[in-house]
Amino acid sequence: MKLLIHIFDFLLKRFSTDENYDLIAGDIKEKYNYILENKGAVAALSWYAFQISTSAPNLAAAKFRRSISMLGNYIKTAFRNIKWHKTVSIINISGLVIGMAACFLILQYVNDELNYDKFNKEFNNIYRVIEKDISNGVEGYDVYLSGNAAEVLMDEIPEVKVAVKFFKWYENKSLKVDNREFEIKQFVFTNEHFFKMFDYELKYGSKSSGLADPNGIILTERISNQIFGNEDPSGKVLVDDRGDSFIVTGVIDDSKYLSHLEFDALVRWEANKYEWARMWNSSLATTYLLINENSDPSLLGEKILDVIKKYEQQSVEVGQLTYDVQPLSDIHLRSEFISNNPEVGKGDINYIYVFSAVAILILLTAFINFMNLTTANAAVRAKEVGLRKVIGAKRAQLIKQFLGESMIISTFSFGLAVLSLYSLEPVFGQIFGKVIEIDLINNYEMTLVFAGLALAIGLLAGFYPAFIISQFNPVSVFQNKNAMRNSGNVFRKFLVVFQFSVTVIMIISSLVIYYQLNYMTGKEVGFNTEQIIFSKVQEPVLEGKDNLIKGRLQQLSSVKDVSITNFVMGGHRVSTSIKKENAPDKNISANLLRIDNNYIDLYGMEIVEGRNFNDNLSEDSNNTILVNEMLVKMLDIKDPINKKILYWGEAKTIIGVVKDFHFGSFHDKIEPVLFNIDSNWLSYSIVMKVTTADMPNTLAGIEKVWVEVFPEAQFNYKFLDENIGAMYNRDRQTAKMVLYFAIIAITIACLGLFGLSSYTSELRTKEIGVRKVLGATTQDIMKLFLKEYSSVIVVANVIAWPVSYYFMNKWLENFAYRIEMNSELFLIGTITALVIAVAAISYNMIRSAWSNPVNSIRSE
Amino acid sequence: MRLLSRKEEMILLTIWRLGDEAYGLVIGEKVAELSGKYWSIGAVYDVLDRLSEKGYIDGRLGEASNDRGGKRKKYYKISLHGIEALKELNAVHEQMWNGLPSIDT
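What counts and what doesn't
- Residues numbered from 1 in each chain as written.
- Chains lettered and ligands numbered in written order.
- Predicted model: local features only at pLDDT ≥ 70, side-chain atom pairs only at ≥ 80, totals over all residues.
- Heavy atoms only, no water.
- Helix = DSSP H or I, 4+ residues; strand = E, 2+ residues; numbered from the N terminus.
- Rg over C-alpha atoms; globule rule 2.2 N^0.38 Å.
- Contact = heavy atoms within 4.5 Å.
- Areas by Shrake-Rupley, 256 points an atom, 1.4 Å probe, with all protein chains shown as cover.
- Lys, Arg positive; Asp, Glu negative; His and termini not counted.
- Charge placed at Lys NZ, Arg CZ, Asp CG, Glu CD.
- Buried < 20%, exposed > 50% of the residue type's maximum accessible area, 1.4 Å probe, protein only.
- Buried area = accessible area lost by both parts, 1.4 Å probe.
- Salt bridge = Lys/Arg side-chain N within 4 Å of Asp/Glu carboxyl O.
- Polar contact = N/O pair within 3.5 Å; in protein donor to acceptor, adjacent residues only side chain to side chain.
- Pairing = 2+ DSSP bridges.
- 1 Å grid on protein atoms, 1.4 Å probe; cavity = no way out; pocket = protein on both sides within 12 Å on 5 of 7 lines; lining within 4 Å.
- Points joined across faces, edges and corners; volume = space filled by probe spheres on them.
- Nonpolar A, V, L, I, M, F, W, Y, C, P; charged D, E, K, R; others polar.
- Axes fitted to C-alpha atoms, helices over the stretch in contact; angles between N-to-C directions.
- Parallel < 35°, antiparallel > 145°, perpendicular 65-115°, else oblique.
- Left-handed = near helix turned anticlockwise from the far one by under 90°.
- Patch = residues over 30% accessible without salt bridge, like charges linked within 9 Å, V, L, I, M, F, W, Y side chains within 5 Å.

Undergrad: Would you mind showing me how to read the overall build of chain A here?
TA: Regarding its fold elements, chain A presents 27 helices and 25 strands. The C-alpha radius of gyration of chain A comes to 37 Å, more than 25% above the 29 Å expected for a compact globule of 860 residues. With respect to the principal axes defined by its C-alpha atoms, chain A has extents near 125 × 80 × 55 Å. Taking the contacts inside chain A whose residues are at least 6 apart along the sequence as the reference set, 79% of them involve residues at least 24 apart. For chain A, the accessible surface area stands at approximately 39,900 Å², while carbon and sulfur atoms represent 57% of it. Averaging the coordinates of the 86 positive side-chain charges in chain A and doing the same for the 94 negative ones gives two points 14 Å apart.

Here you go:
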């Protein structure tokens, strides 16, 4: 009986608004008692039950309406407050917008990087074959196999379902259609299984027939548009420089895919008519295996070795070469260990960690600003809160109101951040060095993450002030304005310290990166890099014309020197395994350079012992070589001149030692180098030292000669220093990114300091007024301000130094040649941070210091 | 100004009719009696809420009694606004009905 009544009562309470509950409960009680007296308990109870059940929908509707109108009310008040506290609101919103936009951007970037190659449905079962060479005592990894390997691996290893080869032609390939010629940068030979492994969709043509025709060619949309405009090119014929024709069988919009594979055109392996490129000992194709789901990839290495040994009789030295496989999804980010990886410098898992951390830090600083300013401002608003309490606002209502305000600000900022992301999209390409597409509609997971973050920020930032403020005792608020000053002060200081530490760390990091880059570009590489241009030429084109082209070019007054070589600094390297004559067991891998007698002089290198190759090359038989100091050291040869070393099965005599130079980038230690004059290569570079006074004329002169000597080849020159500079592109990119994000972090921190200082000056208006009346000078007031912030800044620096030292040391370890981090760097970082901090607070500081005490004291 | 809904009109008229004695329970009973339809307490309060939000009625808290489990009553009175709304509704009514052929066939 009683229980039923309680239950009914409880239901009534759930359904009705607080206000109505009292009235309705009263009404019901009155009627219930009446029925109870006149008709008995059963009638009364059933009446009650009937009332509850029929009232519930109406009551619920009323309650819902009420909460909506309350929400509207909160929003209205919130907007009013945002408008009243304009400075704080603008600072809050701009800080959040910048922080969110930067953070979302980085997250999008990180997400893109992590999703490389995952569009392939079977990415978990696809592996790339890796060759491991342990001949130097150091492990060397390589991704190139013979182009013939894919088919035999597929035939001989049962768990390999599909094997695909991917051989990117070394040079640009020119294709002709109706006398118009187009340069295809990435011309790739693959096999007909390509689409069985990689799930690209074709815009035109079909996956099944795309590579069925041995003469078929599949173009990317970009290339197709360039050649054929927007129409469907299927069936059109392209002719290459050898006169072979290709029929367009498909078009792929590859920009839609995050893939480590880069190609402009795909053709069948059969179209590769070059004898040398079809041989078993030409390592040139990356090979991918799609294996059965349940098979163990770790066992594949040995099986691959067995198969390769079987087919490639020579050159595999037992115990020196082994094979391994790398998961497809690791290729983009985890390939740094592969020395000649074509993907090198494109992705790096370490950068993913760094950038994720940066994203979180930036968002945190923005968040801290928001929270700090809200708490600080809350103290200013103490009176408002007091008044609300006096006229009967409940604590829950105040909390709701503050939360509502911060939610509105964060939602609003979220919207602005998204808008700015869309409108700034082109700029990101520059910062990241690649296109970052923000597509909130199709990429809804990211949108949810972003929105979730924005909501979380609003909630968290509102929570703390909401609880602190709602605790205020209205009486003390009205008695003493300063009673509020210390509320949350320690916490706020802690947050500012954190925020400022991040700023200082970012400044120091940018400085270190900048210094290191400067050091690398300024450091002597050990040879001339200026006034040198080069152009590549294919072996068949050059054949027999070495002296002709050299002679003709040297006749030009603008050309000081000419040399023909297989390698230009910053380009692809070739290495070979060499041995000391009397110690045939010890192998050393050395870079191999095919040069001529002009090379050493042209580059301004120095011969420290022995002599250069003779002008008359025939005097130097095929058996003479030059080496660099590092090679002498590694081979441990005393008096190297006329000593012999073995490579390619022959003994060669050292005739000279070249002073060490930086063969690769400053990331690497100086490597051993061997120079010869007789080796044959697929392509050469003609290197020219020129006078730069009248570059256009010089180039025109060279081109004229070039076209005369090589009618079939183009003169595509490049500058050597650009080629070398390209080795540091990745580092420059990093520097740029860190710099941009440092600026963002600093901006946010400044906004925060500005906001805090304006709050301080507002809160202490009266105090400052009194001080001035009592004779404080402008300087005294400024000191007051500086004192408040100096301790914070000092502590922040003390935290920032070791942290940035640790991380930047890690980064510098990437470089074999690097700067030392000295105290100067840290001092500059700190001073920069200080100057910025003082600048941020100076406006409010000066305004307070100059204020007329009469006004400030009268203000209350 | 939005016209009063039928329910609002009924409750308003009932409050008017009840004069000084209009509180939730009585309003509900009276309106049920007059309209011949069942009105749950919830339905009455739903309409009362809406009317007071719009300012058509004013509430005044009355005395608490043992009878009501110590809870107070709230007496409602039509405001000037409410009277205007009723007048307007009435005018619309008359206009709509005016000049129609008789429906009493």
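Undergrad: For this particular structure, what's the right way to read the side chain of A:Gln499?
TA: Residue and element names in this part refer to chain A. Looking at the secondary structure, you find Gln 499 in helix 16 (residues 489–522). Gln 499 sits in the buried class, given a relative accessible area of 3%. Leaving out residues up to four positions away in the same chain, Gln 499 has contacts with Thr 365, Ile 368, Asn 369, Ile 748 and Ala 749.

Undergrad: Sorry if this is basic, but what is going on with unusual backbone geometry here?
TA: Most peptide bonds take the trans configuration, and most residues that are not glycine carry a negative phi. Residues and elements named next belong to chain A. Look at Asp 636: it is not a glycine, yet its phi comes out positive at around 60 degrees. Position of Asp 636 among the secondary structure elements: in the loop between helix 20 (629–635) and strand 21 (644–647). Given a relative accessible area of 54%, Asp 636 falls into the exposed group. A positive phi angle, near 70 degrees, is found at Asn 642, a position not held by glycine. Within the element layout of this structure, Asn 642 appears in the loop between helix 20 and strand 21. Given a relative accessible area of 55%, Asn 642 falls into the exposed group.

Undergrad: Help me understand the interface of chain B and chain A in this model?
TA: Size of an interface: often given as the accessible area lost when the parts come together. The interface is formed by 24 residues belonging to chain B together with 25 residues belonging to chain A. Here chain B and chain A share an interface that buries about 2,100 Å² over both sides, 49% of which is from carbon and sulfur atoms. In this structure, the connection of chain B to chain A is made through one salt bridge. A:Lys31 is the salt-bridge partner of B:Glu29, the closest N and O atoms lying 2.3 Å from each other. Where chain B touches chain A, the interface holds ten residue pairs in polar contact (both at pLDDT 80 or more).

Undergrad: I keep staring at the pairing of strand 20 (residues 624–628) of chain A and nothing clicks. Help me out?
TA: The two faces of a sheet get side chains in turn, since along a regular strand they alternate between them. Residues and elements named next belong to chain A. Summarising burial for strand 20: five of the five residues are buried, a large majority. Where burial is concerned, the two faces of strand 20 agree: the one with Thr 624, Leu 626 and Asn 628 and the one with Ile 625 and Val 627 are both buried. When strand 20 meets strand 22 (residues 650–658), the two strands line up parallel, connected through five bridges. Bridging from a neighbouring strand, Thr 624 pairs with Thr 653 of strand 22. Relative to strand 23 (residues 673–676), strand 20 is paired through two bridges, and the arrangement is antiparallel. When the sheet's bridge partners are listed, Val 627 is paired in strand 23 with Leu 674.

Undergrad: When you look at the layout of surface pockets in this model, what are you seeing that I'm missing?
TA: Where empty space is left becomes clear once a probe the size of a water molecule has been rolled over the atoms. In this structure, the second largest pocket occupies an estimated 760 Å³ of space. Lining the second largest pocket are 18 residues, with A:Arg66, A:Met70, A:Tyr74, A:Gln397 and A:Lys400 sitting closest to its centre. Those elements giving two or more residues to the lining of the second largest pocket turn out to be helix 2 (18–39), helix 3 (41–84) and helix 13 (395–432) of chain A together with helix 3 (41–54) of chain B. Counting residues per element, the lining of the second largest pocket draws most heavily on helix 3 of chain A, which supplies seven residues. Within the lining of the second largest pocket, the residues separate by chemical class into six nonpolar, five polar and seven charged.

Undergrad: Explain the packing of helix 5 (residues 149–156) of chain A against helix 9 (residues 300–311) of chain A here, please?
TA: Each packed pair of helices is defined by two parameters, the angle between the axes and the distance between the axes. All names here are of chain A. Two numbers describe how helix 5 lies on helix 9: the axes approach to 10 Å, and their chain directions differ by 120 degrees. Here helix 5 lies oblique to helix 9, going by the angle between them. In the crossing of helix 5 with helix 9, the sense of the turn from one axis to the other is right-handed. Contacts from Ala 149, Val 152, Leu 153 and Glu 156 of helix 5 reach helix 9 at Ile 304, Val 307, Ile 308, Lys 310 and Tyr 311.

Undergrad: So what exactly am I meant to see when it comes to the environment of A:Ile588 here?
TA: Residues and elements named next belong to chain A. Relative to the helices and strands, Ile 588 is located in strand 18 (residues 583–594). Overall, the relative accessible area of 4% leaves Ile 588 in the buried class. Separated by 169 residues in the primary sequence, Ile 588 and Ser 757 place their C-alpha atoms 65 Å from one another.

Undergrad: Sorry if this is basic, but what is going on with a positive patch on the surface here?
TA: Residues and elements named next belong to chain A. A contiguous patch of positive charge, built from Lys 76, Arg 80, Lys 83 and Lys 86, is present on the exposed surface. Tallying contributions element by element places helix 3 first for the positive patch, with three residues. Looking at the element boundaries, Lys 76 is found in helix 3.

Undergrad: Where do I start with empty space enclosed by the protein in this structure?
TA: All names here are of chain A. Tallying each qualifying case throughout the model produces six cavities of 30 Å³ or more. Approximately 150 Å³ is the volume found for the largest cavity. Along the walls of the largest cavity sit 15 residues, with Thr 374, Asn 377, Arg 381, Glu 405 and Ile 409 positioned nearest its centre.

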